[in-house]
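# Structural characterization, general
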Amino acid sequence: MAVRAVRGATQLDSDTREQMLDRVAEMVRGVMEANGIAVDDFISIIFTSTSDLTSEFPAYAARVLGFHDVPLVCARELEIEGSMPRVVRMMAHVETDLPRADVTHVYLHGAANLRRDLTKVREVPDEARVESADG
């Protein structure tokens, strides 16, 4: 069993508590599903959010999902001119048998544009969600 880091990010449409909890839970569940891991496989999670998100702690969404004894921390993302607004990022350390090259990172909504350089990514751009709902 190896320790691996898995990344995720999601963008909120607006800074509301409901959307913070929904989008972060979606991201965490997406990381779990994409990598075949369970809560017990997590060692720790670091969440960052941009300074325009103040409605709720991102880590609270993980607690609601059952991450009761996993160390979680929230921090502020660097404020870089021109950076994407309303983004929550995560870096989770997990125990897994997956080789590093097979770890799938999860980027949802507008954040899907952040890491086009990664070869193993599950992404859900908002446009894809609209198209799949229409057709």
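As shown above, the structure is provided for reference.
Described below are features of the structure shown in this document. Just so it is clear, the model here is predicted, and its values are computed rather than measured. (Residues numbered from 1 in each chain as written. Predicted model: local features only at pLDDT ≥ 70, side-chain atom pairs only at ≥ 80, totals over all residues. Heavy atoms only, no water.)

## Observations concerning the overall build of the protein
Note the cut-off: Put simply, DSSP H or I for four residues or longer makes a helix, DSSP E for two residues or longer makes a strand, and each gets a number counted from the N terminus. Think of it in three bands: residues with accessible area under 20% of the maximum for their type are buried, residues over 50% are exposed, and the middle band is partly exposed, with areas taken using a 1.4 Å probe on protein chains only. Any two residues whose heavy atoms approach within 4.5 Å at even a single point are treated as in contact. Surface accessibility follows the Shrake-Rupley procedure with a 1.4 Å probe radius. Residue values consider only the protein chains on display as shielding.
Along its length, the protein carries three helices and six strands. Secondary structure of the protein in N-to-C order comes out as β-α-β-α-β-β-β-β-α. Sorting the 135 residues of the protein into buried and exposed places 42% on the buried side. Long-range pairs, those at least 24 residues apart, make up 75% of the contacts in the protein between residues at least 6 apart in sequence. Per element, the accessible surface of the protein, about 7,400 Å² overall, is 49% carbon and sulfur.

## Some thoughts on unusual backbone geometry
As a rule of thumb, non-glycine residues mostly have phi less than zero, and peptide bonds are mostly trans rather than cis. Phi angles above zero are rare outside glycine, and Arg86 is one such case at about 55 degrees. The residue Arg86 is located in the loop between strand 3 (72-76) and strand 4 (87-96) in this model. A relative accessible area of 25% places Arg86 in the partly exposed class. Notably, His109 is not glycine yet its phi reads approximately 60 degrees, a positive angle. For His109, the location among the structural elements is in the loop between strand 5 (105-108) and strand 6 (121-124).

## Re the pairing of strand 2 (residues 42-49)
As a reminder of what qualifies: At least two DSSP bridges between two strands are required for those strands to pair. Looking down the strands as they point away from you, a crossover is right-handed if its path from the first strand over the helix to the second goes clockwise.
For strand 2, the buried fraction is high: six of the eight residues fall into the buried class. Strand direction decides the pairing type here: strand 2 and strand 4, joined by seven bridges, are antiparallel. Each residue of the ladder has a partner; that of Ile45, found in strand 4, is Ala92. The sheet contact formed by strand 2 and strand 3 spans five bridges and is parallel. Within the sheet, the bridge partner assigned to Thr48 lies in strand 3 and is Ala75. In the classification by handedness, the crossover that spans strand 2, the intervening helix 2 (residues 58-64) and the parallel strand 3 is right-handed.

## A few points about helix 1 (residues 17-35)
Worth spelling out the cut-off: Expected span, for any helix, means 1.5 Å times one less than how many residues it has.
For helix 1, with 19 residues, the first-to-last C-alpha span of 27 Å sits near the 27 Å given by 1.5 Å per residue. Phi for Gly36, located one or two positions after helix 1, is positive at around 60 degrees.

## Remarks on the nonpolar core
As a rule of thumb, soluble globular proteins bury nonpolar side chains together. Definition in use: Each nonpolar core is a collection of buried residues, namely Ala, Val, Leu, Ile, Met, Phe, Trp, Tyr and Cys, held together in the definition by side-chain atoms within 4.5 Å.
With 28 residues, the main nonpolar core has Phe42, Phe47 and Phe67 as its most contacted residues. Where this core is concerned, the elements lending two or more residues are helix 1, strand 2, helix 2, strand 4 and strand 5. A per-element tally of this core places helix 1 first, with seven residues.

## Here we look at the packing of aromatic side chains
The condition that has to hold: Any two rings among Phe, Tyr and Trp, with Trp reduced to its six-membered ring, count as a pair given centres within 6.5 Å; such a pair is stacked if its planes are under 30 degrees apart, edge-to-face if over 60, and tilted if neither.
Under the criterion given, the structure shown has one aromatic pair. When the ring of Phe42 is compared with that of Phe67, the centres are 4.9 Å apart and the planes differ by 80 degrees; the resulting orientation is edge-to-face. On the criterion of sequence distance, the pair formed by Phe42 in strand 2 and Phe67 in the loop between helix 2 and strand 3 is long-range, its members being 25 residues apart. The two residues Phe42 and Phe67 agree in class, both being buried.

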